[in-house]
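# Structural overview
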Amino acid sequence: MRSTTQALSVNGVRLMQRIMALAEVGAIDGGGCNRLALTDADRDGRDLVRSWMVDLGLVVTVDAVGNMIGTWNVGSGAPVMTGSHIDTVRTGGKYDGNYGVLAGLEVIETMQDAGIEPSRPLAVGVFTDEEGARFAPDMLGSLVYAGGMSVEEAHDVIAIDGARLGDELERIGYLGAMPCPGAAPHAFVELHIEQGPLLEVNGVRIGAVTGVQGISWQEVTIQGQSNHAGTTPMHLRRDPAYAAAALTVFVRELAGRFGGHQVCTVGKVDLHPNLTNVVPSRAVLTLDVRNTDELVLQRAEAEIDAFCSELAERENVAITRRSLARFEPVVFDERVVSMVERLAAARGNTVQRMPSGAGHDAQMIARMCPTAMIFVPSHKGLSHNVAEHTDEADLVAGADVLLDTMRELAEMSFS
Ligand code: HGY
Ligand code: MN
Ligand code: MN
């Protein structure tokens, strides 16, 4: 086993330069980014990252759902892979996803600069549509890469703006030739901001992520009767806006009753015709329900089912629901989790184990190979918010832990 002990550190200035350069693509007021999946801004971001991959001499491949992978073809065997996503929500920050991709490039460049060649290839993945904000489900690209969804099914996904995923891939020039499922990496480790408050509150620099909680996304359509706001007596109304509000309050209170890791979010509500003096005919809203415990998550879903039936009866509206995403909790490979924990501490970092509240590409690649994640703190726990921030020292510390982890993974076997 080649020595991985030669102390090496990433070039923090170069890492920050790339993070700030990518943040300029789709930049919005407040310092954030809007690069919804497969938009022109996403294309521009992909083009920039691809140019950096080419500059590093990586072999760049694009697959049938646009996953872009840059591979440093040294050594032999399946690569050690890292990576994340560069698509953002509409009010995204600079670091969500981007940091993991760019730290992966920085790890490779640091090793190239030092003349250190690992025994295995190193790869950096840029997975398509991790956010799922435009095309549901989230983690779509890595799900297809891991064989959890067919390319055909993915291509036919329709966006919230009506576009078809396959058409958008072609339009932006990222409908690639590589087949899906993709090749299984030797191991996968994703570096990401925590997007929650835990590390900062605990004063801990590195999170050794043990897994990802279960996710249940639904689109709820409530059909009532459009009517005049001034003339329609309250007891004769079939008001979907009221029903949507009642459901929103119900899921919020359910999360309070369940406690623990239970979270429920109504993030999107559309009313039709959405006019001041018209009782709406239709409300369409989304439910994002998550828990680390699959059985508790199922109980939450069952309670929501029952409430919707009772609500439809009581308000004389028709309620139909469509699943947008449903992923069970994922537990990462203990051998990789403990490696992250050990290597983080070896660099003098404070480190703690923790589950991920957010979904990540790693939860999909975990279906293919030993996988784990590394977290760094999010200031005030903010994310999916233009004010998203992580201190540079934390970003660099996380990239150093990624460097050490990838080097060790490249020199070990799991058999
Ligand atoms: O939804 C999520 O947790 C991730 O940001 N896609
Ligand atoms: Mn992310
Ligand atoms: Mn995100």
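Note that this is a predicted model, so its numbers are computed, not measured.

The domains assigned to the protein are domain 1 (12-213 + 330-410) and domain 2 (214-327). The centre of domain 1, based on its C-alpha atoms, is set 33 Å off from the matching centre of domain 2. When domain 1 packs against domain 2, close to 960 Å² is buried across both sides, 67% of that on carbon and sulfur atoms. Here domain 1 and domain 2 share zero salt bridges between them. If you look at where domain 1 meets domain 2, you find one residue pair in polar contact (both at pLDDT 80 or more). Its residues placed into classes, the side of domain 1 that touches domain 2 shows nine nonpolar, five polar and three charged.

Below, the discussion takes up the coordination of the manganese ion (ligand 2). With distances of 2.1 to 2.3 Å, the protein atoms coordinating the manganese ion (ligand 2) are His-85 (NE2), Asp-96 (OD) and His-192 (NE2). Positions of the donor residues of the manganese ion (ligand 2), expressed as sequence spacing, correspond to H-x10-D-x95-H. Separating the manganese ion (ligand 2) from the manganese ion (ligand 3) is a gap of 3.6 Å, bridged by Asp-96, which donates to each. In this pair, His-85 sits in the loop between strand E5 (80-84) and helix H3 (98-113) while His-192 sits in strand E7 (residues 187-193), placing the two residues 107 residues apart along the sequence. In this pair, the class of His-85 matches that of His-192, namely buried.

Right, let's talk about the coordination of the manganese ion (ligand 3) for a bit. The expected angle between donors at a tetrahedral four-coordinate metal is 109.5 degrees. At an octahedral six-coordinate metal it is 90 or 180 degrees. The protein atoms that coordinate the manganese ion (ligand 3) are Asp-96 (OD), Glu-131 (OE), Glu-131 (OE) and His-384 (NE2), at distances spanning 2.2 to 2.6 Å. The sequence motif formed by the donor residues of the manganese ion (ligand 3) is D-x34-E-x252-H.

This part covers the site of ligand 1. The environment of ligand 1 is made up of Glu-130, Glu-131, Asp-138, Met-139, Trp-217, Arg-290, Ala-358, Gly-359 and His-384. Here an oxygen atom of ligand 1 sits 2.7 Å away from a polar atom, N or O, in the main chain of Gly-359. The separation between an oxygen atom of ligand 1 and a polar side-chain atom of His-384 is 3.3 Å. Protein chains shield 95% of the accessible area of ligand 1, which is 210 Å² for the free molecule. Broken down by class, the residue content of the shell around ligand 1 amounts to three nonpolar, two polar and four charged.

With that out of the way, let us pick up the environment of Ala-387. Here Ala-387 lies in the loop between strand E18 (371-376) and helix H12 (392-410). On the basis of relative accessibility, which here comes to 43%, the residue Ala-387 falls in the partly exposed class. With 94 residues separating them along the chain, Ala-387 and Asp-293 place their C-alpha atoms 31 Å apart.

Let us look at the nonpolar core. Burial of nonpolar side chains together is a common tendency in soluble globular proteins. Grouped together as the largest cluster of nonpolar side chains are 103 residues, with contacts concentrated most on Val-49, Tyr-99, Leu-102, Leu-105, Phe-332 and Leu-409. Looking at which element gives the most residues to this core, the answer is H12, with nine residues. Built from parts of two domains, this core gets at least three residues from each of domain 1 (12-213 + 330-410) and domain 2 (214-327). Once residues lying within four places of it in the same chain are set aside, the contact partners of Leu-105 are Arg-18, Val-49, Trp-52, Met-53, Leu-56, Leu-58 and Val-124. One finds Ala-246, Phe-258, Ala-300 and Ile-304 within the second-largest nonpolar core, a separate group that totals 25 residues.

Moving on, we get to the pattern of salt bridges. Counted under the stated rule, the structure contains 30 salt bridges. It is possible to trace a salt-bridge network through shared partners that takes in Asp-40, Arg-43, Asp-44, Arg-134, Asp-161, Glu-168 and Arg-171.

Criteria and thresholds
Residues numbered from 1 in each chain as written. Chains lettered and ligands numbered in written order. Predicted model: local features only at pLDDT ≥ 70, side-chain atom pairs only at ≥ 80, totals over all residues. Heavy atoms only, no water. Domains from an automatic or database assignment. Buried area = accessible area lost by both parts, 1.4 Å probe. Salt bridge = Lys/Arg side-chain N within 4 Å of Asp/Glu carboxyl O. Polar contact = N/O pair within 3.5 Å; in protein donor to acceptor, adjacent residues only side chain to side chain. Nonpolar A, V, L, I, M, F, W, Y, C, P; charged D, E, K, R; others polar. Donors = N, O, S within 2.8 Å, 3.2 Å for Na, K, Ca; no water. Helix = DSSP H or I, 4+ residues; strand = E, 2+ residues; numbered from the N terminus. Buried < 20%, exposed > 50% of the residue type's maximum accessible area, 1.4 Å probe, protein only. Near = heavy atom within 4 Å. Areas by Shrake-Rupley, 256 points an atom, 1.4 Å probe, with all protein chains shown as cover. Core = buried A, V, L, I, M, F, W, Y, C linked by side-chain atoms within 4.5 Å. Contact = heavy atoms within 4.5 Å.

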